[in-house]
Every structure is written in C-alpha cells, then in structure tokens.
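# Structural features, examined
Spelled out from the first residue to the last, the chains are:
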Amino acid sequence: SSRNTFTNRKLKYISLAVLVVQNASLILSIRYVRTLPGDRFFTTSAVVMAEVLKVATCLLIVLLQKRCALKETLWFLLDSVVLQYQDTLKLAVPSLIYTLQNNLQYVAISNLPAATFQVTYQLKILTTALFSVLMLRKSLSRVQWVSLLLLFAGVAVVQVQQEGKKEAAVADASNQNYMVGLVAVVISCLSSGFAGVYFERILKGSSASVWMRNVQLGVFGTALGLLGMWWNDGGAVAERGFLFGYTGMVWCVIFNQAFGGLLVAVVVKYADNILKGFATSFSIIVSTVMSVYLFGFHVDLLFTAGAGLVIGAVYMYSLPKAPGGLPCPDPSSSSASTEPPRGAGGGEMEVFLPKSVLVK
C-alpha cells in the first residue's frame, strides 16, 4: 500500500513536470521560430502538418487496439467516420473553431512577448466558465467567481504594463503588431471557451473512444486547415512549396503541437485539478524567466503583480469544489480540452484530448 502511494506520488510529480515543460516549451519555441531572421515558414502549413501527424498517431493507436487487424480497423473506421456521418458532422463546428484557434495562436505569439501571451491566454479559464454557466446552466462557487475576477484583473494589469512599453518597442520590432497579437489571443480565448463547452454538450452519453474522436476531428481539421492555407497563403505556397522555411526547430514546434496534446491527455489521468492549476502557474513563471534570458524580456513590478494575480487565480479556480458544481476546465492544456462526463456504459470515459496544441 505504501509502495503504491509512493508510485502514485511519483507519477503525479512526473505528470506535473511534463505539463509544465509542454506548456512553456510550446509557447517559447513558437516565439523563437517566429522571431528568428531568415525565411519564415507558413504557419498555416504548420497547423495542417500538426493535424496530419495527430491523425496518423490516433490511427496507429486504433490499429494497435484492434491488435493490428487491418481489415477490422478499416471497417471500424468506415463505420465510425462515414456510416455514422451524423456523429462525425457534430465535430465539424469544434474542428472549425480549433483550426481557427491554432492559426490565431501563431499570430498572437508572433506579435506578443511569450510571457505576456502566456498570462493573457489564461483568460480561456474565464471564457470556459462563462460559457459553462450560459450554455450548460452550471454553477460556480464563490471562490471561483472571486478567482475569475482576480484573473481578469491580473491580465488587465499586464496589458497596462505592456501598453506603457509598446511605444518604445515599436522602433525595434517593425514587423510585430501588439494590437494584432492582443486581438488574436482574445478571439482564441473566446473560441477555446466555446469549443470546450460545446464538446461537453455533444459528448454527453457518448461512448466513442477518445482516439476515434480525434480521428474524426482530425479529418475536418486537416481539410479546414488546407482550406485556410489556400485562402491565406495559396499563391506563396504554390510558388515556394508546402515545407518552405521548415528547419529542425520548426519541426520540433510541430511535433510538440501534435503530440503535446496527446501526451498531456495521457498524463492528466495521474493528475488532479489542483496539480493542473499548479502546472499552469509554474509554466507562466518558467515562460517569464526563459523570456528574460532568450528574448531580453524586462520584468517590472507591474508585470510581476499582474502575473502574480493570474497565478493565484488559476490556483484558486482549481481548488476542489462541493459536488454538483462546475467541474474546472482544464487550464493545463495548451488548447481547449474538456473532460467528458461518464459514458453511457457508466465507466469513466478517457480524458478528451486537447485539439491544439496548444494551446494546453
């Protein structure tokens, strides 16, 4: 028994480390590759590539679950994706939102300092909570309402601090637009909140496997991502090629985006909400410290106060709540993710995977 407790505790700390590393490394690496001199890769192609890798991974897992019986797997896929097309179509809306969100994330991180993005992106907890109250008629505890107010205040303080520095930075970063980055992150937070709650609605009573759901999402995600790429960068991609500007570091970002979400979903089984809250808080600190070293980011009293409020709010929001209230949205994922309710069979369904990467 004591050995089991020790193993569980060990798994919890490993989970915490994985969540922090995934959270911080994705944002820092995107910021790094988007601010390097030289040829810039097409972010729309990176979103498509991450989707393709994610679908391929999920298909491989489905095949392994079917004990490598190729024929059985193909029939299962045909039945799940094509024959039950109404079920698949339900995922078109969140898939569209997530494709938009993944593209917006690149826009936001390309235009905002990594630490500022990381703090501001926590607004997704606020939007998820508000959509849960509006769409699912869920209730929040008093502590959670206070934490949401603190969260908003913290993000506002960071924006005021950045506003003061913006004028000085304009001359240095002519290709970066703070306002564009801020609008992108706000829309990303709104879409993250809506998609997470929408998922919870369509997954009630659903017994579909988490890997199958991701295949369905990925089919739409890839198609919509290609459409977005054609719309935004069609001519340039045709001229320069899909993989233009891809370096080893860009591939690292894409792999982190594709597998980070899957990894977090597996890890989250060993972590509780408090741990997920801690992971988000730690990753804000890690992103800030690394930003100072990597990008010469300047931390002052206002940023420290704002980030402190956000970290405190994330921790408060993930504290346990009396039964019957709102289950905390997962702040650890780099993107929207939601834990579905118990399936029709009564067994607890697997954690629904974050679609983005990220964000998680």
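Rules used in this analysis
Residues numbered from 1 in each chain as written. Predicted model: local features only at pLDDT ≥ 70, side-chain atom pairs only at ≥ 80, totals over all residues. Heavy atoms only, no water. UniProt positions renumbered as here; feature names shortened; annotations may be inferred. Core = buried A, V, L, I, M, F, W, Y, C linked by side-chain atoms within 4.5 Å. Buried < 20%, exposed > 50% of the residue type's maximum accessible area, 1.4 Å probe, protein only. Helix = DSSP H or I, 4+ residues; strand = E, 2+ residues; numbered from the N terminus. Phe/Tyr/Trp six-rings, centres within 6.5 Å; stacked < 30°, edge-to-face > 60°. Contact = heavy atoms within 4.5 Å. pLDDT = per-residue confidence, 0-100. Polar contact = N/O pair within 3.5 Å; in protein donor to acceptor, adjacent residues only side chain to side chain. Patch = residues over 30% accessible without salt bridge, like charges linked within 9 Å, V, L, I, M, F, W, Y side chains within 5 Å. Areas by Shrake-Rupley, 256 points an atom, 1.4 Å probe, with all protein chains shown as cover. Salt bridge = Lys/Arg side-chain N within 4 Å of Asp/Glu carboxyl O.

If you look the protein up in an unreviewed UniProt entry, it shows as Solute carrier family 35 member 2 from Xiphophorus maculatus. According to its UniProt record, the protein has this under Sequence similarities (unreviewed entry): "Belongs to the nucleotide-sugar transporter family. SLC35A subfamily." Under the UniProt heading Subcellular location (unreviewed entry), the entry covering the protein gives this text: "Golgi apparatus membrane".

Attention shifts here to the nonpolar core. Across soluble globular proteins, nonpolar side chains have a tendency to be buried as a group. Phe117, Val119, Leu148, Leu151 and Ile254 are the most contacted members of the largest nonpolar core, which has 50 residues in total. With seven residues, helix H13 (residues 301–317) is the largest single contributor of residues to this core. Judged by nonpolar contacts, the second largest core, of nine residues, contains Cys58, Val210, Trp211 and Met212.

Under the UniProt annotation, "transmembrane region" (unreviewed entry) lies at residues 12–33, 45–64, 140–158, 178–199, 211–231, 243–268, 275–295 and 301–319. For residues 211–231, the end-to-end C-alpha separation is 29 Å, with 100% helix and 0% strand making up the annotated structure. Spanning residues 301–319, this segment combines 89% helix with 0% strand, and its end C-alpha atoms are found 27 Å apart.

Below, the discussion takes up the packing of aromatic side chains. Applying the stated rule across the entire model yields eleven aromatic pairs. Between the aromatic rings of Phe41 and Tyr106, the centroid separation amounts to 6.1 Å while the plane-to-plane angle is 80°, which identifies the pairing as edge-to-face. Of this pair, Phe41 sits in the loop between helix H1 (2–35) and helix H2 (43–65) while Tyr106 sits in helix H5 (residues 92–111), placing them 65 residues apart in sequence. No difference in accessibility class separates Phe41 from Tyr106, as the two residues are buried. Pairwise contacts between aromatic rings join Phe41, Tyr106, Tyr246, Trp251, Phe255 and Phe259 into one cluster.

Assignment of secondary structure puts Met316 in helix H13. Counting along the chain gives 170 residues from Met316 to Val146, while the straight-line C-alpha distance between them is 8.6 Å. Residues within four places of Met316 in sequence aside, it is in contact with Val143, Val146, Ser147 and Leu150.

Turning our attention to the confidence of the model for the protein. Scored by pLDDT, the protein has a mean of 77; 79% of the residues are at 70 or more. When mean pLDDT is taken per element in the protein, H2 scores highest with 90 and helix H8 (residues 142–170) scores lowest with 77. Within the model, pLDDT remains below 50 along residues 324–360, and this stretch shows 140 contacts once partners closer than five positions in the same chain are excluded.

Note on placement: Tyr178 falls in helix H9 (residues 178–203). As a C-alpha pair, Tyr178 and Asn111 span 67 residues in sequence and 5.5 Å in three-dimensional space. In terms of polar contacts, Tyr178 uses its side chain to reach the side chain of Gln159, at 2.5 Å.

What follows deals with unusual backbone geometry. Positive phi outside glycine occurs at Cys68, with the angle close to 60°. Within the chain, Arg137 stands out as a residue other than glycine whose phi angle is a positive 55°. Turning to its location among the elements, Arg137 is positioned in the loop between helix H7 (123–135) and H8. By relative accessible area, Arg137 is classed as exposed at 69%.

With that settled, the discussion passes to a nonpolar patch on the surface. Together, Phe278, Phe282, Ile285, Val289, Val292, Tyr293, Val299 and Tyr315 give the surface a local cluster of nonpolar side chains, amounting to about 710 Å² of exposed area. No other element matches helix H12 (residues 273–295), which puts six residues into the nonpolar patch. Along the chain, Val289 turns up in helix H12.

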